[in-house]
Amino acid sequence: VFAVMSIFLLFFLFDWSQIMEAAAMAPADASLINPIKTSSTDNFNINYFLIQAFGAVYVFMAWQGNQGYYGAARSPHDARMGRLIGQLRPITQTLPLVLLPMCAWAFLHHADFAADAVGAHAALDAISNEQIRSQLTVTVATAHFLPPVIVGLFAAIMLAAFISTHDTYLHAWGSIFIQDVVMPVRQNLLGDNSVLKPEAHVRLLKYSIFGVAVFIFLFSLLFSQQQDILMFFALTGTIYLGWAGSCIIGGLYWKRGTAAGAWAATVSGVLLAVVGWFLTYNWEMSQALLAEFTPGMWATWTKSWPELLGDKCPITAQVLYFWTIVTTIAVYIVSSLIHGESFDMDRLLHRGQYAVEEGAEMGPEPRRGWAIFGMGKDFSTGDRVLFVGSYTYIFLFFATFLIGTIYMLSTEISDAAWGEFWWWFCIAILLMTAVITVWVSLGGIRNLRELFHMLDSVKRD
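Now for a description of the structure that goes with this document. All figures in this text were calculated on a predicted structure; none of them were measured in a lab. (Residues numbered from 1 in each chain as written. Predicted model: local features only at pLDDT ≥ 70, side-chain atom pairs only at ≥ 80, totals over all residues. Heavy atoms only, no water.)

1. Regarding the nonpolar core
Thinking step 1. Within the largest apolar cluster, 37 residues are counted, with the highest numbers of intra-cluster contacts made by Leu9, Phe14, Phe107 and Phe145.
Thinking step 2. Among the secondary structure elements, those contributing two or more residues to this core are helix H1 (2-13), helix H2 (16-23), helix H6 (91-109), helix H7 (118-125), helix H8 (130-145), helix H9 (148-190) and helix H18 (415-457).
Thinking step 3. Beyond its immediate stretch of four places on either side in the chain, Phe107 contacts Phe14, Phe113, Asp116, Ala117, Ala120, Ala141, His144 and Phe145.
Thinking step 4. Judged by nonpolar contacts, the second largest core, of 13 residues, contains Val59, Ala244, Ala265 and Ile325. (Core = buried A, V, L, I, M, F, W, Y, C linked by side-chain atoms within 4.5 Å. Buried < 20%, exposed > 50% of the residue type's maximum accessible area, 1.4 Å probe, protein only. Helix = DSSP H or I, 4+ residues; strand = E, 2+ residues; numbered from the N terminus. Contact = heavy atoms within 4.5 Å.)

What follows is the structure, given as structure tokens:
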């Protein structure tokens, strides 16, 4: 569906020149074409993407909502290939999720579509809340220019995404609550009497999963969305991701890391996230509280808090996410050093005197350095093609980014040149989408048959 939608947008519904001409109407320092001229872009300037890149490394595999995928593979090799394919699949979403808003912008701003866009403008003008109107701009516009068949296919995809996201999170968060909260508390309170029979354990999991469903329903019913969706993601993600990286990296790779440091980072991270949420969603009240509790501090300034800080929180959720990360790293290090313990990493990793006893099944020695890109005998020909192709894609695009950044910082590039670059970028992603779609579809059907065969023949434990 994404491939079909991209083809329709690029070759049938819009001309590339129309998209670029409309994009050129954006403010000079909030360009939709030239990435170097985005300093005035609200929320999504270069800082957003630098923080996003840093976070991708810092919280790698930290998101607990994905824990089921990390632990469900039938072998280490399948886990590795599953992660590889999981990195390829989002590429197919790249083009339509960029093209749809660009085409919506062209539809609403280009003179060629003025007559057709009247209904869309009227629908948007009827929305009184500015934030909600902004969020619905692309949705309303696409409903007016996409053919009914494409709209129906897109709606089906979004429904499928809705279902697959929720069933994953129901299972993930429901089971995490029982396994990582309820069971340890029971162990501490009841000791040996905390062991549950399987039936009682499963019943608890069912109650917990149902509780997550109730929370999702009530939250979506009562919560008032007052900022960009990606900023909402950044803010809610900070509650966990703002400190998780320090605990994971510090716990696995630093012998001085302690539980006290982890708890200190956790508490400070959650508190910063909650404060950030309050500031973002209650800015007027926050200013009133600042003025009430710090009257003497600003008595000499002749400016009130609202005049000084503006009508919205000056720190975006993404920037708050970054500073929460920095703060919790510092808190983790200082707290661990104060605690003064030095952990025996051989014990954690089963090395030396803690090596696994003879006769126990042991995996191969973990690869280090460039050896991590090696392919063993468990790689089929298809696996090798997929493995080499995916990493070639990663390195080629990183090289393009690196060389392109150096070039654009040293040379003035016209919007016309950028427009041509983005055109060929779209074509490259479209071709990759076609290849990935065929590969994942055929491989997915084969793996699905293997799964059903395994479920039908596996001996239950």
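2. What to know about the state of the cysteines
Cysteine pairs can be linked by a disulfide, which is a covalent bond between their two sulfur atoms.
Thinking step 1. With the rule as written, the count across this model stands at 0 disulfides.
Thinking step 2. Here Cys103 is not disulfide-linked; the sulfur of Cys426 is the nearest cysteine sulfur, at 9.1 Å.
Thinking step 3. With a relative accessible area of 0%, Cys103 lands in the buried category. (Disulfide = S-S within 2.5 Å.)

3. Points about the side chain of Ser6
Thinking step 1. Positionally, Ser6 belongs in helix H1.
Thinking step 2. When residues no more than four places from it in sequence are discounted, the contact partners of Ser6 are Leu95, Pro96, Leu99 and Leu430.

4. Focus: the packing of H2 against H6
Thinking step 1. As a packed pair, H2 and H6 sit with axes 8 Å apart at the nearest point and diverge in direction by 75 degrees. Considering the angle they form, H2 stands roughly perpendicular to H6. In contact with Trp16, Gln18, Ile19, Met20, Ala22 and Ala23 of H2, H6 contributes Leu99, Met102, Cys103, Trp105 and Ala106.
Thinking step 2. Across the contact of H2 with H6, the residue classes break down as 10 nonpolar, 1 polar and no charged. (Axes fitted to C-alpha atoms, helices over the stretch in contact; angles between N-to-C directions. Parallel < 35°, antiparallel > 145°, perpendicular 65-115°, else oblique. Nonpolar A, V, L, I, M, F, W, Y, C, P; charged D, E, K, R; others polar.)

5. Observations regarding the layout of surface pockets
Thinking step 1. When its volume is computed, the second largest pocket comes out at roughly 820 Å³.
Thinking step 2. Asn43, Gln131, Gln226, Gln227 and Lys312 are, among the 30 residues lining the second largest pocket, the residues nearest its centre.
Thinking step 3. Across the lining of the second largest pocket, the residue classes break down as 10 nonpolar, 14 polar and 6 charged. (1 Å grid on protein atoms, 1.4 Å probe; cavity = no way out; pocket = protein on both sides within 12 Å on 5 of 7 lines; lining within 4 Å. Points joined across faces, edges and corners; volume = space filled by probe spheres on them.)

6. Describing unusual backbone geometry
Thinking step 1. A positive phi angle, near 75 degrees, is found at Asn43, a position not held by glycine.
Thinking step 2. Looking at the secondary structure, you find Asn43 in the loop between H2 and helix H3 (46-58).
Thinking step 3. A relative accessible area of 18% places Asn43 in the buried class.
Thinking step 4. Within the chain, Met61 stands out as a residue other than glycine whose phi angle is a positive 65 degrees.
Thinking step 5. By the secondary structure assignment, Met61 is in the loop between H3 and helix H4 (67-71).
Thinking step 6. Residue class for Met61 comes out partly exposed when judged on its relative accessible area of 40%.

7. Description of the environment of Gly269
Thinking step 1. Summarising the element assignment, Gly269 is placed in helix H12 (residues 259-281).
Thinking step 2. Put simply, Gly269 and Ala141 are 128 residues apart on the chain and 39 Å apart in space, counted from C-alpha to C-alpha.
Thinking step 3. With residues near it in sequence (within four places) discarded, Gly269 still touches Thr238, Trp243, Thr324 and Thr328.

8. A closer look at H12
Thinking step 1. Here H12 is 23 residues long and its end C-alpha atoms lie 33 Å apart, about the 33 Å a rise of 1.5 Å per residue gives.
Thinking step 2. Within H12, the full set of buried residues consists of Gly261, Ala265, Thr266, Ser268, Gly269, Ala273, Gly276 and Tyr281. (Expected span 1.5 Å × (residues − 1).)

9. Details of the pattern of salt bridges
Thinking step 1. As enumerated under the stated definition, the model contains 4 salt bridges in all.
Thinking step 2. In this structure, Lys37 engages Glu412 in a salt bridge whose closest nitrogen and oxygen atoms are separated by 3.3 Å. Of the two residues, Lys37 is situated in the loop between H2 and H3 and Glu412 in the loop between helix H17 (381-410) and H18; the sequence distance between them amounts to 375 residues.
Thinking step 3. Its relative accessible area of 32% is what places Lys37 among the partly exposed residues.
Thinking step 4. You can call Glu412 exposed: its relative accessible area is 63%.
Thinking step 5. The partner of Arg446 in a salt bridge is Glu450, and the shortest N-O contact between them spans 3.9 Å. Remark: Glu450 and Arg446 occur in helix H18; sequence separation between them is 4 residues, near one turn of the helix.
Thinking step 6. By relative accessible area, Arg446 is classed as exposed at 52%.
Thinking step 7. Where salt bridges share partners, they join Arg74, Asp78, Arg446 and Glu450 into one cluster. (Salt bridge = Lys/Arg side-chain N within 4 Å of Asp/Glu carboxyl O.)

10. Section: the side chain of Gln318
Thinking step 1. Tracing the sequence through the fold places Gln318 in helix H15 (residues 317-339).
Thinking step 2. Under the relative-accessibility criterion, Gln318 is labelled buried at 3%.
Thinking step 3. Of note is the side chain of Gln318, whose polar atom sits 3.1 Å from the backbone oxygen of Tyr48.
Thinking step 4. Only 2.9 Å separates the side chain of Gln318 from the side chain of Gln52, close enough to count as a polar contact.
Thinking step 5. Aside from chain neighbours lying at most four places away, what touches Gln318 is Tyr48, Ile51, Gln52, Met231 and Ala234. (Polar contact = N/O pair within 3.5 Å; in protein donor to acceptor, adjacent residues only side chain to side chain.)

11. Considering the packing of aromatic side chains
Thinking step 1. As enumerated under the stated definition, the model contains 33 aromatic pairs in all.
Thinking step 2. Here Phe8 and Phe12 contribute two aromatic rings whose centre-to-centre distance is 5.3 Å and whose plane-to-plane angle is 40 degrees, an arrangement assigned as tilted. Of the two residues, Phe8 and Phe12 both sit in helix H1, 4 residues apart, roughly one turn of that helix.
Thinking step 3. Accessibility expressed as a relative area gives 59% for Phe12, which makes it exposed. (Phe/Tyr/Trp six-rings, centres within 6.5 Å; stacked < 30°, edge-to-face > 60°.)

12. A short note on H15
Thinking step 1. With 23 residues, H15 ought to run about 33 Å at 1.5 Å a step, and its terminal C-alpha atoms sit 32 Å apart, in line with that.
Thinking step 2. Within the sequence span of H15, burial applies to Ala317, Gln318, Leu320, Tyr321, Thr324, Ile325, Thr328, Tyr332 and Ser336.
Thinking step 3. On its buried face, H15 is in contact with H3, helix H11 (229-253) and H12.
Thinking step 4. Gly340, located one to two residues past H15, shows a positive phi value of around 75 degrees.

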